[in-house]
Amino acid sequence: MATSKSAKKATTADQSLLMEFFVDCLKDIYWAEKHLVKALPKMQKKATTGELAQAFAGHLHETEGHVVRLEEVFEAIGKPASAKKCEAMAGIIAEAEDIISDTEKDTMTRDVGLILAGQKAEHYEIATYGGLITLAKTLGLTKVAKVMAQTLAEEKAADEKLTDIAETCV
């Protein structure tokens, strides 16, 4: 029975390239998480409502944990933890800084802008971790996938919290 091209097994070279891509993506999200650790306190300080400031503070603590988890993932796959500039997150962080400078302090407009910027970061992370989990499973890295699934759940919860704040407080 003939097999289609899409059904053929991955070669060792394919697996090697996939692992290389996986590691590259890990470096990207590692950079993103480390830079969010720097950006979140600024966003917290500039938030108008206490609820939003508290949400940013709570997510800062989680994000510090995400950095540690990524370092554990690098160790689990035998690679040094290193970062590669994440252009997407760099843009989202720059946009958040623009929102802060372009809005009047102590206004709901600023909070709305900060919520949008925060959700853009969360959505990027949700997409990235979802893809990394699938890649990890494909590569047979089930323990790594489980570690990243915990982070994905926290990113989704942070996004939901920002939505709740937008709907109830701002």
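A short tour of the structure in this document, coming up. Note that this is a predicted model, so its numbers are computed, not measured.

Attention now goes to the overall build of the chain. Counting secondary structure elements, the chain contains 5 helices and 0 strands. C-alpha atoms of the chain, sized along the principal axes, occupy 65 × 35 × 25 Å. Classification of the 170 residues of the chain by burial places 42% in the buried group. Here the analysis covers contacts within the chain between residues at least 6 apart in sequence; of these, 80% occur between residues at least 24 apart. Carbon and sulfur atoms form 56% of the exposed surface of the chain, whose accessible area is close to 9,500 Å².

Here we come to the pattern of salt bridges. Pairing between side chains becomes possible if they bear opposite charge and their charged atoms approach one another. Within the structure shown, the criterion is met by 3 salt bridges. Among the salt bridges present, the one from E154 reaches R69, with a minimum N-O distance of 3.0 Å. In this pair, E154 is assigned in helix α5 (residues 142-168) and R69 in helix α2 (residues 50-76), connecting sequence segments 85 residues apart. E154 sits in the buried class, given a relative accessible area of 17%.

Turning our eyes to something else, we now look at the side chain of T49. By the element assignment, T49 lies in the loop between α1 (12-46) and α2. For T49, a relative accessible area of 10% translates into the label buried.

For soluble globular proteins, the rule of thumb is that nonpolar side chains tend to be buried together. Among the nonpolar cores identified, the biggest contains 33 residues, and F22, L26, M89, V144 and M148 are the most heavily contacted of them. It is α1 that provides the largest number of residues to this core, a total of 10 residues. Once you skip the residues sitting within four places of it in the chain, F22 turns out to touch I77, L132, L135, A136, L139, L141, V144 and M148. In this structure, M43, L52, L114 and I165 belong to the second largest nonpolar core, which totals 16 residues.

Bringing a nonpolar patch on the surface into the picture now. Residues M108, V112, L116 and V170 make up a contiguous nonpolar surface patch of about 300 Å² in total accessible area. Tracing the sequence through the fold places L116 in helix α4 (residues 108-138). On the accessibility criterion, L116 (47% relative accessible area) is partly exposed.

Here the structure, examined in full by the defined rule, presents 1 aromatic pair. Relative to F74, the ring of Y30 has its centre 5.5 Å away and its plane inclined at 70°; by these criteria the two rings are edge-to-face. Linking Y30 in helix α1 with F74 in helix α2, this pair joins segments that are 44 residues apart in sequence. When its relative accessible area of 4% is taken as the criterion, Y30 is described as buried. You can call F74 buried: its relative accessible area is 0%.

Moving on to the packing of α1 against α2. The N-to-C vectors of α1 and α2 enclose an angle of 155°; their axes lie 9 Å apart at closest approach. On the basis of their axis angle, the class for α1 and α2 is roughly antiparallel. The two elements α1 and α2 meet at a crossing, and its hand is left-handed. Per-class residue counts for the contact of α1 with α2 are 16 nonpolar, 4 polar and 5 charged.

How each quantity is defined
Sequence order as written defines residue numbering, which begins from 1 separately in each chain. Totals for whole chains, interfaces and linings use all residues, but because this is a predicted model, local features are given only for residues with pLDDT of at least 70 and pairs of side-chain atoms are given and counted only at 80 or more. Note: side-chain values were computed over all heavy atoms of the structure, leaving out hydrogens and water. Helix and strand definitions follow DSSP, with helices as H or I runs of at least four residues and strands as E runs of at least two, each counted in order from the N terminus. Buried means the residue's accessible area, taken with a 1.4 Å probe over protein chains only, is under 20% of the maximum for its type, while exposed means over 50%, and partly exposed covers the values in between. A contact between two residues is defined here by any heavy atoms of the two lying within 4.5 Å. Surface accessibility in these figures is a Shrake-Rupley result with a 1.4 Å probe; residues are shielded only by whichever protein chains are displayed. Counted as salt bridges are all cases of a side-chain nitrogen of Lys or Arg within 4 Å of a carboxyl oxygen of Asp or Glu. Residues enter a nonpolar core if they are buried and are Ala, Val, Leu, Ile, Met, Phe, Trp, Tyr or Cys, with the set joined through side-chain atoms within 4.5 Å. Only residues whose relative accessible area exceeds 30% and that form no salt bridge enter a patch; like-charged residues are grouped when within 9 Å of one another, and nonpolar side chains (Val, Leu, Ile, Met, Phe, Trp, Tyr) when within 5 Å. Here the aromatic set is Phe, Tyr and Trp, taking the six-membered ring for Trp, and pairing holds for ring centres within 6.5 Å; pairs whose planes are under 30 degrees apart are stacked, those over 60 apart are edge-to-face, and all others are tilted. Axis definition: a line fitted to C-alpha atoms, limited for helices to the stretch in contact. Angles are taken between N-to-C directions and run from 0 to 180 degrees. To sort the angles, those under 35 degrees are grouped as roughly parallel, those over 145 as roughly antiparallel, those from 65 to 115 as roughly perpendicular, and the leftovers as oblique. Take the far helix as your reference; a near helix turned counterclockwise from it by less than a right angle gives a left-handed crossing, and one turned clockwise gives a right-handed crossing. Asp, Glu, Lys and Arg are counted as charged, while Ala, Val, Leu, Ile, Met, Phe, Trp, Tyr, Cys and Pro are counted as nonpolar; the rest, among them Gly, fall into the polar class.

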